[in-house]
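Geometric and topological summary
The residues making up each chain are set out below.
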Amino acid sequence: MPKTAPLTADQLVARYADDIAFAAEMKPATTVGNFIQQLDTAHCTLAEVSGISLADDPDVAAPYLTDAEQPDTTTAEKQTLLQKAADLMRDIPDAVDEYRLMS
């Protein structure tokens, strides 16, 4: 079985920055720290203002990203945390598409 490359926080930012920025009404984040901040704003917009049910996932993913970026996190822990964040953010494009239709 081929070995897959480790997941990185930067990959998650690249994958979801445009959607999160749209929901947060900001420019796309270019750093993990800015992305984490935008997740909270996007959550408020999607869940609390628009009532989109998938919107709890971005807010829940933020602590996993934060913990994965800590200097004392081991490589194995980091991969586990990033995978949890990735799993929670998987539906972001659908939630943001729903929000786009409402706008």
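Residues numbered from 1 in each chain as written. Predicted model: local features only at pLDDT ≥ 70, side-chain atom pairs only at ≥ 80, totals over all residues. Heavy atoms only, no water.

1. Thoughts on the packing of aromatic side chains
In plain terms, the rule: Each Phe, Tyr or Trp ring, with Trp reduced to its six-membered ring, pairs with another whose centre is within 6.5 Å; inter-plane angles below 30 degrees give stacked pairs, above 60 give edge-to-face pairs, and intermediate values give tilted ones. Labels follow the DSSP assignment, with helices taken as runs of H or I lasting at least four residues and strands as runs of E lasting at least two, numbered in each case from the N terminus. Exposure is judged per residue with a 1.4 Å probe applied to protein chains only, and the accessible area is read against the type maximum: over 50% gives exposed, under 20% gives buried, and values in between give partly exposed.
Scanning the entire structure with this criterion turns up 1 aromatic pair. Centroid distance F22 to Y99: 5.8 Å. Interplanar angle 70 degrees. Geometry classified as edge-to-face. With F22 in helix α1 (residues 9-24) and Y99 in helix α5 (residues 92-102), the pair connects residues that are 77 residues apart, well separated along the chain. Owing to a relative accessible area of 11%, Y99 belongs among the buried residues under this scheme.

2. Regarding the packing of α1 against helix α4 (residues 75-89)
So the rule is basically this: Fitting a line to C-alpha atoms yields each axis, with helices limited to the stretch in contact; the angle taken between N-to-C directions then spans 0 to 180 degrees. An angle counts as roughly parallel when it lies under 35 degrees, as roughly antiparallel when it exceeds 145, as roughly perpendicular when it falls between 65 and 115, and as oblique in every other case. Throughout, a residue-residue contact means that at least one pair of heavy atoms, one from each residue, lies within 4.5 Å. Side-chain classes are defined by residue name, with Ala, Val, Leu, Ile, Met, Phe, Trp, Tyr, Cys and Pro counting as nonpolar, Asp, Glu, Lys and Arg as charged, and the others, Gly among them, as polar.
Viewed as axis vectors pointing N to C, α1 and α4 meet at an angle of 10 degrees, and their least axial separation amounts to 10 Å. Overall, the two elements α1 and α4 adopt an arrangement that is roughly parallel. For the pair α1 and α4, contact is made by A9, L12 and Y16 and by L82, A85, A86 and M89, respectively. Of the residues contributing to the contact of α1 with α4, the split by class is 7 nonpolar, no polar and no charged.

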